[in-house]
Amino acid sequence: MQDIILESGLSPHYVSSLFSTPLDILTFIAMKIEQEISIALEHTTATDPFIILADVILPILYQHCHVLKILYSKNYANGEWLHFLEQRYIKWVTPFFNKYCVENAPVSRSFAIELSVKMTLSIISTWLTQPIPETPETFRVHFLQLTKMSITDIATL
């Protein structure tokens, strides 16, 4: 958490007086970003979740890329941070799967939701952890392409 404290510009003592656990800091960061996203989502007319991500959410994440890069690239990425994000995004994504037809699908609805969230978070975290991430305007095209490709498609390009 030292990296996050350094990035914040606040003294470690002050941060520890505000937050009692590392999870409290993660929650604060996520809630701050979620507030910005919620405000931006009020103005979108898009209904496709990937278009919403590309046009509304990616630019906001990019504004916070320094802190998010730390969270995605340090040990938090394999534990608390990704689990935290997965739980948040699973709730957001679930309504988009209302027409999911289990009879025609190789996996259950809950499996498909979790897989979609994890794959999307992987794309986003890989983007944000690049030495110099592309701008959201440039990355938008790649993001939308990647969300439409299978792993086999990506591996055989």
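Definitions and cut-offs
- Residues numbered from 1 in each chain as written.
- Predicted model: local features only at pLDDT ≥ 70, side-chain atom pairs only at ≥ 80, totals over all residues.
- Heavy atoms only, no water.
- Helix = DSSP H or I, 4+ residues; strand = E, 2+ residues; numbered from the N terminus.
- Buried < 20%, exposed > 50% of the residue type's maximum accessible area, 1.4 Å probe, protein only.
- Contact = heavy atoms within 4.5 Å.
- Areas by Shrake-Rupley, 256 points an atom, 1.4 Å probe, with all protein chains shown as cover.
- Lys, Arg positive; Asp, Glu negative; His and termini not counted.
- Charge placed at Lys NZ, Arg CZ, Asp CG, Glu CD.
- 1 Å grid on protein atoms, 1.4 Å probe; cavity = no way out; pocket = protein on both sides within 12 Å on 5 of 7 lines; lining within 4 Å.
- Points joined across faces, edges and corners; volume = space filled by probe spheres on them.
- Nonpolar A, V, L, I, M, F, W, Y, C, P; charged D, E, K, R; others polar.
- Core = buried A, V, L, I, M, F, W, Y, C linked by side-chain atoms within 4.5 Å.
- Phe/Tyr/Trp six-rings, centres within 6.5 Å; stacked < 30°, edge-to-face > 60°.
- Salt bridge = Lys/Arg side-chain N within 4 Å of Asp/Glu carboxyl O.
- pLDDT = per-residue confidence, 0-100.
- Patch = residues over 30% accessible without salt bridge, like charges linked within 9 Å, V, L, I, M, F, W, Y side chains within 5 Å.

## Quick look at the overall build of the protein
Along the protein, the regular secondary structure elements total nine helices and zero strands. Secondary structure elements of the protein, listed N to C terminal, follow the sequence α-α-α-α-α-α-α-α-α. Reported as C-alpha extents along the three principal axes, the dimensions of the protein are approximately 55 × 35 × 30 Å. Looking at the 157 residues of the protein, the share that counts as buried comes to 32%. Taking the contacts inside the protein whose residues are at least 6 apart along the sequence as the reference set, 63% of them involve residues at least 24 apart. Accessible surface, the protein as shown: approximately 9,800 Å² in total, 60% of it carbon and sulfur. Of the side chains in the protein, 10 bear a positive and 15 a negative charge, and the two mean positions are spaced by 3 Å.

## Looking at the environment of Tyr72
With respect to the helices, strands and loops of the structure, Tyr72 is situated in helix α5 (residues 65–73). You can call Tyr72 buried: its relative accessible area is 10%.

## Some details on the layout of surface pockets
As a volume, the largest pocket reaches approximately 410 Å³. Of all elements in the fold, only α4 (49–63), α6 (80–93), α7 (109–128), α8 (136–148) and α9 (151–155) reach the threshold of two or more residues within the lining of the largest pocket. Counting residues per element, the lining of the largest pocket draws most heavily on α7, at eight residues. The residue inventory of the lining of the largest pocket, partitioned by class, reads 17 nonpolar, four polar and no charged.

## With respect to the nonpolar core
Counting residues in each nonpolar core, the largest one holds 38 residues, and the members touching the most others are Trp81 and Phe143. Of all the secondary-structure elements, those providing two or more residues to this core are α3 (22–41), α4, α5, α6, α7 and α8. Ignoring any residue separated from it by four or fewer positions in sequence, one finds Phe143 in contact with Phe50, Leu53, Ala54, Leu58, Thr120, Ile123 and Ile124.

## A word on the packing of aromatic side chains
As enumerated under the stated definition, the model contains eight aromatic pairs in all. Summarising the aromatic geometry, the rings of Phe97 and Tyr100 are spaced 6.0 Å apart at their centres and angled 50° between planes, so their arrangement reads as tilted. The buried category is assigned to Phe97, whose relative accessible area is 16%. Using a relative accessible area of 23% as the deciding quantity, one classes Tyr100 as partly exposed.

## Points about the pattern of salt bridges
Under the definition given, this model contains three salt bridges. For the salt bridge of Glu34 with Arg88, the shortest nitrogen-to-oxygen distance reads 2.7 Å. With Glu34 in helix α3 and Arg88 in helix α6, the pair connects residues that are 54 residues apart, well separated along the chain. Accessibility expressed as a relative area gives 29% for Glu34, which makes it partly exposed.

## A few points about the confidence of the model for the protein
Averaged over the protein, the pLDDT score is 87; the fraction of residues at 70 or greater is 92%. Here helix α1 (residues 2–8) stands out as the least confident element of the protein, with mean pLDDT 68; α8 is the most confident, with 97.

## Things to note about the side chain of Thr120
Mapped onto the fold, Thr120 is located in helix α7. Residues in contact with Thr120, not counting those within four places in the same chain, are Phe50, Leu53 and Phe143.

## Considering a nonpolar patch on the surface
A cluster of nonpolar side chains, namely Phe111, Leu115, Met119 and Ile151, defines an oily patch on the protein surface of about 400 Å² accessible area. Looking at the nonpolar patch, the element that brings in the most residues is α7, giving three residues. If you trace the backbone, Ile151 turns up in helix α9. Exposure remark for Ile151: the relative accessible area of 62% places this residue in the exposed category.

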